[in-house]
Amino acid sequence: MSGSPDIPAAGLKAVFNEMRPALIRRAQAMGVGGDAEDVVQDVWLKLQTTNGPVASPHAYLLRMVYTAVLDRKRGARRAAARDAEWATPANLPQDSIASAEAERRLMAVQLLAKVEARLSDLGDPAAAIFRRHRIDGLTQRRIAEEFGMGLSTVEKHLRRAYAAILDLEGDRP
Amino acid sequence: MTISERNVDREALDWLVQVNDPGFDQWDAWDAWMAADGRNAEAYWRLAGAEADAVEALKSAPVRIVAPRPGGIGRLPRRSLAAVAAALAAVAIGGVWFANSQRAQPWTVETAPGEQHTLTLADGSVVSLDGDTRLAMDRRKPRDVRLEGGRALFTVVHDDAHPFVVVVGQTTLTDLGTVFDVTQLQDGVRVSVSEGSVRVDAPADTATLNPGDSVIATPRGLDRRTLSPDDVAAWREGRLTYADEALGVVAQDLARALNRPITVSPALSGRRFSGSLTTRAAPEDQRGRLSRLLDVSVVDEGAGWRLEPRPAS
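Residues numbered from 1 in each chain as written. Chains lettered and ligands numbered in written order. Predicted model: local features only at pLDDT ≥ 70, side-chain atom pairs only at ≥ 80, totals over all residues. Heavy atoms only, no water.

## What about the packing of helix α5 (residues 126-135) of chain A against helix α6 (residues 140-147) of chain A?
All names here are of chain A. This is how it is decided: In this analysis an axis means a line fitted to C-alpha atoms, helices contributing only their contacting stretch, and an angle means the value between N-to-C directions, from 0 to 180 degrees. Only DSSP runs of H or I covering at least 4 residues are called helices, and only runs of E covering at least 2 are called strands; the numbering of each starts at the N terminus. In this scheme, roughly parallel covers angles under 35 degrees and roughly antiparallel covers those over 145, while 65 to 115 is roughly perpendicular and the rest are oblique. Take the far helix as your reference; a near helix turned counterclockwise from it by less than a right angle gives a left-handed crossing, and one turned clockwise gives a right-handed crossing. Contacts are residue-level and defined by heavy atoms, with any inter-residue pair within 4.5 Å sufficient. In this classification, the charged set is Asp, Glu, Lys and Arg, the nonpolar set is Ala, Val, Leu, Ile, Met, Phe, Trp, Tyr, Cys and Pro, and all remaining amino acids, among them Gly, are polar.
Running from N to C, α5 and α6 point in directions that differ by 135°, and their axes come no closer than 10 Å. The orientation of α5 relative to α6 falls into the category oblique. Judged by the sense of rotation from one axis to the other, the crossing of α5 with α6 is right-handed. Between α5 and α6, the contacting residues are Ala128, Ile129, Arg132 and His133 on the first element and Gln140, Ile143, Glu146 and Phe147 on the second. Tallied by class, the residues present in the contact of α5 with α6 amount to 4 nonpolar, 2 polar and 2 charged.

The structure is reproduced here in C-alpha coordinates:
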(Lines give C-alpha, C1' and ligand atoms only; values in the text may rest on other atoms or scores of the structure.)
Protein backbone atom coordinates (compact mmCIF):
# COMPACT_ATOMS: atom_id res chain seq x y z
CA MET A 1 0.00 0.00 0.00
CA SER A 2 2.91 2.35 -0.60
CA GLY A 3 0.79 4.38 -3.02
CA SER A 4 -1.63 5.52 -0.33
CA PRO A 5 -2.29 9.26 -0.48
CA ASP A 6 -0.98 11.71 2.10
CA ILE A 7 -3.28 12.14 5.06
CA PRO A 8 -3.85 15.71 6.26
CA ALA A 9 -3.52 16.67 9.91
CA ALA A 10 -7.23 16.22 10.65
CA GLY A 11 -7.05 12.71 9.21
CA LEU A 12 -4.05 12.00 11.40
CA LYS A 13 -6.10 12.70 14.52
CA ALA A 14 -8.78 10.34 13.28
CA VAL A 15 -6.16 7.64 12.80
CA PHE A 16 -4.89 8.38 16.31
CA ASN A 17 -8.34 7.85 17.82
CA GLU A 18 -8.68 4.59 15.95
CA MET A 19 -5.21 3.41 17.02
CA ARG A 20 -5.33 4.69 20.60
CA PRO A 21 -5.69 1.30 22.35
CA ALA A 22 -2.98 -0.17 20.11
CA LEU A 23 -0.66 2.77 20.88
CA ILE A 24 -1.18 2.30 24.62
CA ARG A 25 -0.31 -1.40 24.27
CA ARG A 26 2.82 -0.44 22.33
CA ALA A 27 3.87 2.02 25.03
CA GLN A 28 3.28 -0.66 27.69
CA ALA A 29 5.41 -3.11 25.73
CA MET A 30 8.15 -0.50 25.59
CA GLY A 31 8.34 -0.74 29.37
CA VAL A 32 6.69 2.40 30.75
CA GLY A 33 4.15 0.35 32.71
CA GLY A 34 1.36 2.43 34.23
CA ASP A 35 2.57 5.57 32.46
CA ALA A 36 1.49 4.25 29.06
CA GLU A 37 -1.70 6.32 29.06
CA ASP A 38 0.28 9.47 29.93
CA VAL A 39 2.72 8.76 27.11
CA VAL A 40 -0.09 8.44 24.60
CA GLN A 41 -1.68 11.59 25.99
CA ASP A 42 1.65 13.40 25.38
CA VAL A 43 1.55 12.19 21.80
CA TRP A 44 -2.00 13.52 21.43
CA LEU A 45 -0.89 16.95 22.68
CA LYS A 46 2.00 17.00 20.24
CA LEU A 47 -0.39 16.12 17.41
CA GLN A 48 -2.23 19.41 18.05
CA THR A 49 0.75 21.33 16.69
CA THR A 50 1.45 18.97 13.80
CA ASN A 51 0.50 20.50 10.50
CA GLY A 52 0.79 19.29 6.98
CA PRO A 53 0.09 15.95 5.42
CA VAL A 54 1.83 12.83 6.69
CA ALA A 55 2.71 10.12 4.21
CA SER A 56 2.28 7.14 6.54
CA PRO A 57 0.18 7.97 9.63
CA HIS A 58 0.54 4.52 11.18
CA ALA A 59 4.35 4.61 11.15
CA TYR A 60 4.30 8.29 12.12
CA LEU A 61 2.26 7.66 15.28
CA LEU A 62 4.37 4.65 16.30
CA ARG A 63 7.47 6.82 15.91
CA MET A 64 5.88 9.50 18.11
CA VAL A 65 5.07 6.95 20.85
CA TYR A 66 8.62 5.60 20.64
CA THR A 67 10.12 9.10 20.95
CA ALA A 68 7.86 9.96 23.90
CA VAL A 69 8.88 6.74 25.69
CA LEU A 70 12.56 7.39 25.00
CA ASP A 71 12.27 10.98 26.32
CA ARG A 72 10.66 9.68 29.50
CA LYS A 73 13.41 7.11 30.04
CA ARG A 74 16.09 9.73 29.42
CA GLY A 75 14.44 12.08 31.90
CA ALA A 76 14.22 9.32 34.53
CA ARG A 77 17.89 8.43 33.99
CA ARG A 78 18.94 12.08 34.38
CA ALA A 79 16.86 12.50 37.55
CA ALA A 80 18.36 9.34 39.04
CA ALA A 81 21.88 10.52 38.28
CA ARG A 82 21.11 13.91 39.84
CA ASP A 83 19.61 12.38 42.98
CA ALA A 84 22.61 10.11 43.44
CA GLU A 85 24.89 13.12 43.08
CA TRP A 86 22.96 15.28 45.52
CA ALA A 87 22.33 12.70 48.20
CA THR A 88 25.36 13.96 50.10
CA PRO A 89 24.66 17.19 52.04
CA ALA A 90 28.01 18.66 51.02
CA ASN A 91 26.69 18.91 47.48
CA LEU A 92 23.63 20.89 48.43
CA PRO A 93 24.42 24.61 48.17
CA GLN A 94 21.93 27.35 49.03
CA ASP A 95 21.27 28.50 45.49
CA SER A 96 20.73 24.93 44.32
CA ILE A 97 18.51 25.83 41.38
CA ALA A 98 21.04 28.18 39.82
CA SER A 99 23.86 25.77 40.36
CA ALA A 100 21.83 22.88 38.94
CA GLU A 101 21.33 24.94 35.79
CA ALA A 102 25.05 25.79 35.62
CA GLU A 103 25.90 22.16 36.21
CA ARG A 104 23.53 21.06 33.44
CA ARG A 105 25.10 23.53 31.02
CA LEU A 106 28.61 22.47 31.91
CA MET A 107 27.68 18.84 31.37
CA ALA A 108 26.14 19.68 27.98
CA VAL A 109 29.31 21.49 26.90
CA GLN A 110 31.48 18.60 28.06
CA LEU A 111 29.27 16.06 26.31
CA LEU A 112 29.38 18.11 23.11
CA ALA A 113 33.19 18.30 23.20
CA LYS A 114 33.42 14.57 23.82
CA VAL A 115 31.04 13.67 20.99
CA GLU A 116 32.73 16.07 18.55
CA ALA A 117 36.13 14.61 19.45
CA ARG A 118 34.92 11.06 18.90
CA LEU A 119 33.39 11.94 15.53
CA SER A 120 36.54 13.77 14.49
CA ASP A 121 38.59 10.77 15.59
CA LEU A 122 36.34 8.50 13.55
CA GLY A 123 36.68 10.66 10.44
CA ASP A 124 34.64 10.81 7.25
CA PRO A 125 32.67 9.39 5.63
CA ALA A 126 31.28 7.72 8.80
CA ALA A 127 31.14 11.00 10.75
CA ALA A 128 29.58 12.93 7.85
CA ILE A 129 27.03 10.18 7.26
CA PHE A 130 26.10 10.16 10.95
CA ARG A 131 25.50 13.94 10.89
CA ARG A 132 23.43 13.77 7.71
CA HIS A 133 21.35 10.99 9.25
CA ARG A 134 20.91 12.06 12.85
CA ILE A 135 21.25 15.86 12.67
CA ASP A 136 19.76 16.58 9.24
CA GLY A 137 17.25 13.71 9.43
CA LEU A 138 17.91 12.13 6.04
CA THR A 139 16.89 8.49 5.60
CA GLN A 140 19.60 5.91 5.03
CA ARG A 141 18.26 5.49 1.50
CA ARG A 142 18.71 9.19 0.71
CA ILE A 143 22.21 9.15 2.17
CA ALA A 144 23.09 6.13 0.02
CA GLU A 145 22.10 8.19 -3.05
CA GLU A 146 23.89 11.31 -1.84
CA PHE A 147 27.16 9.53 -1.06
CA GLY A 148 26.87 7.17 -4.02
CA MET A 149 27.21 4.03 -1.92
CA GLY A 150 25.11 0.96 -1.19
CA LEU A 151 22.58 0.87 1.64
CA SER A 152 24.57 -1.78 3.51
CA THR A 153 27.71 0.38 3.35
CA VAL A 154 25.78 3.33 4.80
CA GLU A 155 24.54 1.07 7.59
CA LYS A 156 28.08 -0.16 8.26
CA HIS A 157 29.39 3.41 8.57
CA LEU A 158 26.48 4.37 10.84
CA ARG A 159 27.16 1.37 13.03
CA ARG A 160 30.79 2.45 13.42
CA ALA A 161 29.72 6.01 14.23
CA TYR A 162 27.24 4.83 16.89
CA ALA A 163 29.87 2.54 18.41
CA ALA A 164 32.37 5.41 18.53
CA ILE A 165 29.90 7.84 20.09
CA LEU A 166 28.69 5.29 22.63
CA ASP A 167 32.27 4.15 23.25
CA LEU A 168 31.42 0.49 22.66
CA GLU A 169 34.59 -1.51 22.48
CA GLY A 170 34.83 -4.38 20.07
CA ASP A 171 33.11 -2.35 17.40
CA ARG A 172 36.30 -0.50 16.63
CA PRO A 173 37.94 -1.57 13.38
CA MET B 1 29.27 -13.14 31.33
CA THR B 2 31.24 -10.29 29.83
CA ILE B 3 31.06 -11.81 26.39
CA SER B 4 27.31 -12.32 26.53
CA GLU B 5 26.80 -8.74 27.76
CA ARG B 6 28.79 -7.43 24.87
CA ASN B 7 26.65 -9.45 22.48
CA VAL B 8 23.50 -7.93 23.92
CA ASP B 9 24.98 -4.45 23.40
CA ARG B 10 25.91 -5.40 19.88
CA GLU B 11 22.40 -6.58 19.06
CA ALA B 12 20.92 -3.51 20.72
CA LEU B 13 23.19 -1.33 18.60
CA ASP B 14 22.06 -3.12 15.43
CA TRP B 15 18.46 -2.43 16.34
CA LEU B 16 19.12 1.17 17.31
CA VAL B 17 20.75 1.90 13.93
CA GLN B 18 17.65 0.52 12.23
CA VAL B 19 15.00 2.04 14.51
CA ASN B 20 16.55 5.52 14.17
CA ASP B 21 16.04 5.50 10.42
CA PRO B 22 12.99 7.65 9.60
CA GLY B 23 11.93 4.90 7.18
CA PHE B 24 11.96 2.12 9.81
CA ASP B 25 8.78 0.03 9.88
CA GLN B 26 9.75 -3.28 11.56
CA TRP B 27 8.17 -2.38 14.91
CA ASP B 28 6.77 -5.86 15.48
CA ALA B 29 10.14 -7.56 15.00
CA TRP B 30 11.76 -4.99 17.29
CA ASP B 31 9.07 -5.54 19.94
CA ALA B 32 9.69 -9.29 19.79
CA TRP B 33 13.44 -8.85 20.28
CA MET B 34 12.90 -6.43 23.17
CA ALA B 35 10.55 -8.89 24.91
CA ALA B 36 12.74 -11.94 24.29
CA ASP B 37 15.16 -11.20 27.17
CA GLY B 38 15.01 -8.64 29.98
CA ARG B 39 18.60 -7.64 29.24
CA ASN B 40 17.72 -6.73 25.68
CA ALA B 41 15.37 -3.90 26.66
CA GLU B 42 17.78 -2.65 29.34
CA ALA B 43 20.70 -2.51 26.90
CA TYR B 44 18.58 -0.95 24.17
CA TRP B 45 17.21 1.94 26.24
CA ARG B 46 20.58 2.59 27.83
CA LEU B 47 22.25 2.94 24.40
CA ALA B 48 19.30 4.76 22.83
CA GLY B 49 19.25 7.28 25.68
CA ALA B 50 22.99 7.94 25.48
CA GLU B 51 22.82 8.30 21.71
CA ALA B 52 19.88 10.70 21.93
CA ASP B 53 21.80 12.78 24.50
CA ALA B 54 24.77 12.92 22.10
CA VAL B 55 22.60 13.96 19.15
CA GLU B 56 20.90 16.62 21.26
CA ALA B 57 24.32 17.98 22.24
CA LEU B 58 25.43 18.07 18.60
CA LYS B 59 22.23 19.87 17.61
CA SER B 60 22.80 22.46 20.33
CA ALA B 61 26.23 23.43 18.95
CA PRO B 62 25.91 26.92 17.42
CA VAL B 63 29.19 26.58 15.58
CA ARG B 64 30.85 23.29 14.88
CA ILE B 65 34.56 23.52 15.46
CA VAL B 66 36.46 20.47 14.36
CA ALA B 67 39.73 20.01 16.15
CA PRO B 68 42.93 19.44 14.21
CA ARG B 69 43.63 15.76 13.76
CA PRO B 70 46.75 15.00 15.83
CA GLY B 71 48.36 11.58 16.19
CA GLY B 72 47.83 9.50 19.32
CA ILE B 73 44.24 8.34 19.56
CA GLY B 74 44.48 7.82 23.32
CA ARG B 75 45.07 11.49 24.00
CA LEU B 76 42.49 12.78 21.59
CA PRO B 77 39.54 13.59 23.84
CA ARG B 78 41.52 15.82 26.20
CA ARG B 79 43.43 17.51 23.42
CA SER B 80 40.24 18.11 21.51
CA LEU B 81 38.62 19.84 24.44
CA ALA B 82 41.58 22.22 24.60
CA ALA B 83 41.49 22.67 20.83
CA VAL B 84 37.78 23.45 20.91
CA ALA B 85 38.38 26.09 23.56
CA ALA B 86 41.32 27.53 21.62
CA ALA B 87 39.38 27.57 18.37
CA LEU B 88 36.42 29.24 20.04
CA ALA B 89 38.77 31.91 21.34
CA ALA B 90 40.15 32.33 17.83
CA VAL B 91 36.66 32.79 16.45
CA ALA B 92 35.87 35.34 19.10
CA ILE B 93 38.98 37.50 18.88
CA GLY B 94 40.22 37.04 15.36
CA GLY B 95 43.84 36.28 14.71
CA VAL B 96 45.26 36.14 18.23
CA TRP B 97 45.35 32.38 18.23
CA PHE B 98 47.42 32.37 15.02
CA ALA B 99 50.04 34.72 16.44
CA ASN B 100 50.49 32.79 19.67
CA SER B 101 50.95 29.36 18.25
CA GLN B 102 54.29 27.91 17.40
CA ARG B 103 53.49 24.95 15.27
CA ALA B 104 51.32 25.24 12.19
CA GLN B 105 48.23 23.06 12.14
CA PRO B 106 45.21 22.75 9.94
CA TRP B 107 41.94 23.68 11.55
CA THR B 108 38.33 23.68 10.54
CA VAL B 109 35.31 25.81 11.30
CA GLU B 110 31.91 24.30 10.77
CA THR B 111 28.47 25.81 11.34
CA ALA B 112 25.46 23.79 12.44
CA PRO B 113 22.52 23.62 10.02
CA GLY B 114 20.48 26.80 10.23
CA GLU B 115 23.19 28.82 12.01
CA GLN B 116 25.12 31.64 10.35
CA HIS B 117 28.49 32.73 11.65
CA THR B 118 31.02 35.44 10.75
CA LEU B 119 34.73 34.80 11.07
CA THR B 120 37.61 37.27 10.83
CA LEU B 121 40.81 35.73 9.49
CA ALA B 122 44.34 36.62 10.52
CA ASP B 123 44.80 38.95 7.52
CA GLY B 124 41.60 40.90 8.28
CA SER B 125 39.55 39.17 5.61
CA VAL B 126 36.03 38.34 6.76
CA VAL B 127 34.13 35.15 5.97
CA SER B 128 30.38 34.84 6.58
CA LEU B 129 29.44 31.19 6.85
CA ASP B 130 25.90 30.06 6.13
CA GLY B 131 24.43 27.08 8.01
CA ASP B 132 25.88 23.60 7.50
CA THR B 133 29.10 25.00 6.08
CA ARG B 134 32.61 23.72 6.57
CA LEU B 135 35.79 25.71 5.99
CA ALA B 136 39.26 24.16 6.29
CA MET B 137 42.25 26.41 6.91
CA ASP B 138 45.94 26.21 7.57
CA ARG B 139 47.51 28.61 10.03
CA ARG B 140 50.74 28.68 8.03
CA LYS B 141 48.84 29.98 5.01
CA PRO B 142 46.02 32.17 6.28
CA ARG B 143 45.08 33.27 2.74
CA ASP B 144 44.50 29.72 1.51
CA VAL B 145 41.15 28.28 2.51
CA ARG B 146 39.16 25.28 1.40
CA LEU B 147 35.36 25.24 1.35
CA GLU B 148 34.42 21.64 2.08
CA GLY B 149 30.67 22.13 1.90
CA GLY B 150 28.00 24.76 2.23
CA ARG B 151 28.00 28.46 1.41
CA ALA B 152 30.28 31.33 2.40
CA LEU B 153 30.62 35.02 1.54
CA PHE B 154 34.22 36.26 1.40
CA THR B 155 35.17 39.90 1.94
CA VAL B 156 38.85 39.78 1.16
CA VAL B 157 41.58 42.24 2.11
CA HIS B 158 43.39 42.48 -1.18
CA ASP B 159 47.13 41.96 -1.38
CA ASP B 160 48.75 41.84 -4.82
CA ALA B 161 51.73 39.93 -3.49
CA HIS B 162 49.63 37.29 -1.71
CA PRO B 163 46.44 36.43 -3.53
CA PHE B 164 43.58 35.03 -1.46
CA VAL B 165 42.73 31.55 -2.73
CA VAL B 166 39.59 29.50 -2.10
CA VAL B 167 39.62 25.86 -3.17
CA VAL B 168 36.29 24.08 -3.61
CA GLY B 169 36.60 20.51 -4.82
CA GLN B 170 38.56 20.71 -8.06
CA THR B 171 37.80 24.40 -8.61
CA THR B 172 40.21 27.13 -7.51
CA LEU B 173 39.10 30.75 -6.97
CA THR B 174 41.67 33.53 -6.83
CA ASP B 175 40.61 36.96 -5.64
CA LEU B 176 41.61 40.03 -7.51
CA GLY B 177 40.25 42.43 -4.81
CA THR B 178 36.91 41.25 -3.84
CA VAL B 179 33.59 40.43 -2.18
CA PHE B 180 32.28 37.12 -3.47
CA ASP B 181 29.96 34.27 -2.54
CA VAL B 182 30.79 30.58 -2.92
CA THR B 183 28.20 27.80 -2.63
CA GLN B 184 28.80 24.11 -2.98
CA LEU B 185 25.86 22.63 -4.90
CA GLN B 186 25.12 18.99 -5.70
CA ASP B 187 26.27 19.41 -9.27
CA GLY B 188 29.17 21.86 -8.89
CA VAL B 189 30.34 25.10 -7.34
CA ARG B 190 28.53 28.44 -7.71
CA VAL B 191 30.61 31.62 -7.53
CA SER B 192 28.95 35.05 -7.51
CA VAL B 193 30.87 38.32 -7.38
CA SER B 194 29.65 41.46 -5.62
CA GLU B 195 32.79 43.65 -5.78
CA GLY B 196 36.15 43.38 -7.50
CA SER B 197 36.88 40.28 -9.51
CA VAL B 198 37.63 36.60 -9.08
CA ARG B 199 39.41 34.17 -11.34
CA VAL B 200 37.73 30.77 -11.51
CA ASP B 201 39.87 27.78 -12.49
CA ALA B 202 37.66 24.75 -12.90
CA PRO B 203 38.66 21.45 -14.51
CA ALA B 204 36.48 22.16 -17.55
CA ASP B 205 37.08 25.88 -18.11
CA THR B 206 38.50 29.13 -16.75
CA ALA B 207 36.91 32.58 -16.41
CA THR B 208 37.36 35.94 -14.70
CA LEU B 209 34.20 37.16 -13.01
CA ASN B 210 33.28 40.80 -12.43
CA PRO B 211 30.55 42.33 -10.21
CA GLY B 212 27.18 40.81 -11.09
CA ASP B 213 28.73 37.74 -12.72
CA SER B 214 27.82 34.33 -11.40
CA VAL B 215 28.78 30.89 -12.67
CA ILE B 216 28.13 27.33 -11.65
CA ALA B 217 31.27 25.32 -12.35
CA THR B 218 30.12 21.79 -13.21
CA PRO B 219 32.15 18.89 -14.60
CA ARG B 220 30.76 19.84 -18.02
CA GLY B 221 31.83 23.49 -18.00
CA LEU B 222 30.90 26.91 -16.65
CA ASP B 223 27.19 27.67 -16.59
CA ARG B 224 26.88 31.48 -16.56
CA ARG B 225 24.16 33.77 -15.17
CA THR B 226 24.01 37.39 -14.03
CA LEU B 227 22.53 39.06 -10.98
CA SER B 228 22.57 42.43 -9.28
CA PRO B 229 25.83 42.83 -7.31
CA ASP B 230 23.72 43.89 -4.31
CA ASP B 231 21.96 40.52 -4.26
CA VAL B 232 25.16 38.50 -3.83
CA ALA B 233 25.31 38.99 -0.06
CA ALA B 234 21.54 39.19 0.53
CA TRP B 235 21.27 35.58 1.76
CA ARG B 236 22.69 36.80 5.06
CA GLU B 237 19.53 38.87 5.50
CA GLY B 238 17.32 35.98 4.44
CA ARG B 239 16.73 36.97 0.80
CA LEU B 240 17.46 34.75 -2.21
CA THR B 241 17.19 36.32 -5.68
CA TYR B 242 17.23 34.52 -9.02
CA ALA B 243 17.03 35.24 -12.72
CA ASP B 244 15.91 32.21 -14.72
CA GLU B 245 17.45 29.71 -12.29
CA ALA B 246 16.86 25.94 -12.31
CA LEU B 247 14.37 24.95 -9.59
CA GLY B 248 16.84 22.30 -8.40
CA VAL B 249 19.39 25.01 -7.56
CA VAL B 250 16.73 27.16 -5.83
CA ALA B 251 15.69 24.13 -3.77
CA GLN B 252 19.28 23.53 -2.61
CA ASP B 253 19.60 27.17 -1.47
CA LEU B 254 16.23 27.00 0.27
CA ALA B 255 17.12 23.73 1.99
CA ARG B 256 20.22 25.39 3.43
CA ALA B 257 18.44 28.59 4.44
CA LEU B 258 15.43 26.84 5.98
CA ASN B 259 17.49 24.04 7.48
CA ARG B 260 15.43 21.16 6.12
CA PRO B 261 15.94 18.74 3.24
CA ILE B 262 14.03 19.83 0.13
CA THR B 263 13.76 17.55 -2.87
CA VAL B 264 12.34 18.31 -6.31
CA SER B 265 10.07 15.93 -8.17
CA PRO B 266 11.63 14.77 -11.48
CA ALA B 267 8.50 16.13 -13.17
CA LEU B 268 9.80 19.65 -12.32
CA SER B 269 13.36 19.09 -13.55
CA GLY B 270 12.93 21.55 -16.43
CA ARG B 271 11.30 24.27 -14.30
CA ARG B 272 13.08 27.67 -13.95
CA PHE B 273 12.44 30.45 -11.45
CA SER B 274 12.93 34.22 -11.57
CA GLY B 275 12.28 36.38 -8.54
CA SER B 276 13.08 36.92 -4.89
CA LEU B 277 12.34 34.66 -1.92
CA THR B 278 12.33 35.56 1.77
CA THR B 279 13.60 32.79 4.01
CA ARG B 280 12.82 34.46 7.33
CA ALA B 281 9.03 34.20 7.17
CA ALA B 282 7.25 32.53 10.10
CA PRO B 283 7.70 28.76 9.71
CA GLU B 284 3.95 28.14 9.59
CA ASP B 285 3.61 30.52 6.63
CA GLN B 286 6.70 29.40 4.78
CA ARG B 287 5.23 26.41 2.98
CA GLY B 288 2.25 28.34 1.64
CA ARG B 289 4.42 31.26 0.50
CA LEU B 290 6.84 29.01 -1.35
CA SER B 291 3.99 27.13 -2.93
CA ARG B 292 2.56 30.40 -4.34
CA LEU B 293 5.86 32.00 -5.36
CA LEU B 294 7.34 28.90 -6.99
CA ASP B 295 3.96 27.70 -8.31
CA VAL B 296 4.45 24.19 -6.95
CA SER B 297 2.94 21.92 -4.29
CA VAL B 298 5.14 21.75 -1.19
CA VAL B 299 4.59 18.31 0.36
CA ASP B 300 5.68 17.75 3.97
CA GLU B 301 7.46 14.38 4.19
CA GLY B 302 8.21 14.63 7.89
CA ALA B 303 12.00 14.92 7.66
CA GLY B 304 11.80 17.34 4.73
CA TRP B 305 9.75 18.88 1.95
CA ARG B 306 9.20 17.76 -1.59
CA LEU B 307 8.35 20.13 -4.45
CA GLU B 308 5.81 18.67 -6.82
CA PRO B 309 3.75 20.00 -9.74
CA ARG B 310 0.51 21.62 -8.67
CA PRO B 311 -2.58 19.51 -9.32
CA ALA B 312 -4.26 20.58 -12.56
CA SER B 313 -7.59 21.50 -10.87
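## Digging into the nonpolar core
Spelled out, the test is: Buried Ala, Val, Leu, Ile, Met, Phe, Trp, Tyr and Cys residues that are joined via side-chain atoms within 4.5 Å together make up what is termed a nonpolar core. Burial status follows relative accessibility: with a 1.4 Å probe on protein chains alone, a residue under 20% of its type maximum counts as buried, one over 50% as exposed, and anything between as partly exposed.
Within the largest apolar cluster, 66 residues are counted, with the highest numbers of intra-cluster contacts made by A:Tyr66, A:Phe130, B:Trp30, B:Tyr44 and B:Trp45. At 10 residues, helix α3 (residues 38-60) of chain B tops the list of elements feeding residues into this core. Contacts of A:Phe130, omitting those with residues within four sequence positions, involve A:Leu119, A:Ile135, A:Leu158, A:Ala161, A:Tyr162, A:Ile165, B:Glu51, B:Val55 and B:Leu58. Core analysis: the second largest hydrophobic core is formed by 30 residues, B:Leu121, B:Leu135, B:Val182 and B:Ala202 among them.

## As for helix α7 (residues 283-294) of chain B
Residue and element names in this part refer to chain B. Put simply, the rule reads: An expected span of 1.5 Å times one less than the residue number is assigned to each helix. What the arc covers is the set of directions going from the helix axis to the C-beta atoms.
Along its 12 residues, α7 runs 17 Å from first to last C-alpha, staying within 8% of the 16 Å computed at 1.5 Å per residue. Taken residue by residue, α7 has Gln286, Arg287, Leu290, Ser291 and Leu294 as its buried positions. One side of α7 holds all its buried residues, which, seen down the axis, span an arc of 125°. Turned more than 90 degrees away from the buried face of α7, the exposed residues are Glu284 and Arg292. Lining the buried residues of α7 we find α6 (247-258), β18 (272-278), β19 (297-300) and β20 (305-308). A positive backbone phi angle near 60° is found at Asp295, which sits one or two residues after α7.

## Here we look at the pattern of salt bridges
Operational definition: Salt-bridge detection follows one rule: a side-chain nitrogen of Lys or Arg within 4 Å of a carboxyl oxygen of Asp or Glu.
For the structure on display, the rule yields 32 salt bridges over all chains. In this structure, A:Arg159 and B:Asp14 form a salt bridge, with 2.4 Å as the shortest nitrogen-oxygen distance. With A:Arg159 in helix α7 (residues 151-165) and B:Asp14 in helix α1 (residues 2-19), this pair bridges two chains. Between B:Glu148 and B:Arg134 there is a salt bridge, with the nearest N and O atoms lying 2.7 Å from each other. Linking B:Glu148 in strand β6 (residues 141-149) with B:Arg134 in strand β5 (residues 134-138), this pair joins segments that are 14 residues apart in sequence. Judged by its relative accessible area of 18%, B:Arg134 is buried. What emerges from the salt-bridge pattern is a single network uniting A:Asp71, A:Arg74, B:Asp53 and B:Glu56.

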